[in-house]
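# Report on the structure
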Amino acid sequence: GFIVKKNLYIESGGIPVIKGNDFKAGEDFILADMIREIQPDGNFSANLQIKHFVPEKFKDFYYNRYIRGYGTTQVNFYYYNSRIISLFTKTLVKNILKIIYIISTFLPLISLKQKLIYDTNSNSLLKLFLVYCIEQVAIIHGEVASLFKIIILKLSNKISNPEYLT
């Protein structure tokens, strides 16, 4: 997170909004990127505190990670102007590699758990990895859902360029 002066916010163009495919996440990244173009050397304040939290309910945790993935695809398409084919290829390859990584890491951990069933520390490591897997599945779900939403909008000629709220 960050705080920005009003005049710098207005000069940057503000937060991007897309009609028909609202940003789920990433609009703050785009705003920060546009501000860096205007004033590349920002200020740091050690006194500034922005609270982040991990949602307590599974549904909230999953949705939080899902919108992160959803926003990643949107930023690539609307801000970095990725073409549909390259966006599709990048999303597909990245997520296939991510799934292979999770599977190749998860299977050895399962067999390790069988050998260390009485060691409570190994169980906590496995639980942590399970949370990581759930997080990655939610992100993949968001990226793929966003990709297909963009493809459907593109095929139906309903893609609009971002407008900026100032």
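Our subject is the structure listed above.
Note that the structure is predicted; figures quoted are calculated from it, not measured.

Where side chains of opposite charge bring their charged atoms close, a pairing between them can arise. According to the stated counting rule, one finds three salt bridges in the structure shown. Residues Asp33 and Arg36 are paired through a salt bridge, measuring 3.3 Å at the closest nitrogen-oxygen approach. Here Asp33 pairs with Arg36, and both are found in helix α2 (residues 27-38), just three residues apart, close to one helical turn. For Asp33, a relative accessible area of 17% corresponds to the buried category. Note that Glu135 and Arg65 form a salt bridge whose closest N and O atoms lie 2.8 Å from each other. In this pair, Glu135 is assigned in helix α5 (residues 120-155) and Arg65 in helix α3 (residues 58-79), connecting sequence segments 70 residues apart.

So, on to the environment of Ile50. Structurally, Ile50 can be placed in the loop between α2 and α3. Taking relative accessible area as the criterion, Ile50 reaches 39% and is therefore assigned partly exposed. C-alpha separation for the pair Ile50 and Ile3, spaced 47 residues apart in sequence, amounts to 9.6 Å.

This brings us to α2. Across its 12 residues, α2 extends 17 Å between first and last C-alpha, which sits within 8% of the 16 Å expected from 1.5 Å per residue. Here α2 has its buried residues at Ile30, Leu31, Ala32, Asp33, Met34 and Ile35.

Inspection of the secondary structure assignment puts Thr91 in helix α4 (residues 84-115). Residue classification places Thr91 among the buried positions, given a relative accessible area of 6%. Dropping the residues within four chain positions of it, Thr91 is found in contact with Glu143 and Leu147.

Calculation rules
- Residues numbered from 1 in each chain as written.
- Predicted model: local features only at pLDDT ≥ 70, side-chain atom pairs only at ≥ 80, totals over all residues.
- Heavy atoms only, no water.
- Salt bridge = Lys/Arg side-chain N within 4 Å of Asp/Glu carboxyl O.
- Helix = DSSP H or I, 4+ residues; strand = E, 2+ residues; numbered from the N terminus.
- Buried < 20%, exposed > 50% of the residue type's maximum accessible area, 1.4 Å probe, protein only.
- Expected span 1.5 Å × (residues − 1).
- Contact = heavy atoms within 4.5 Å.

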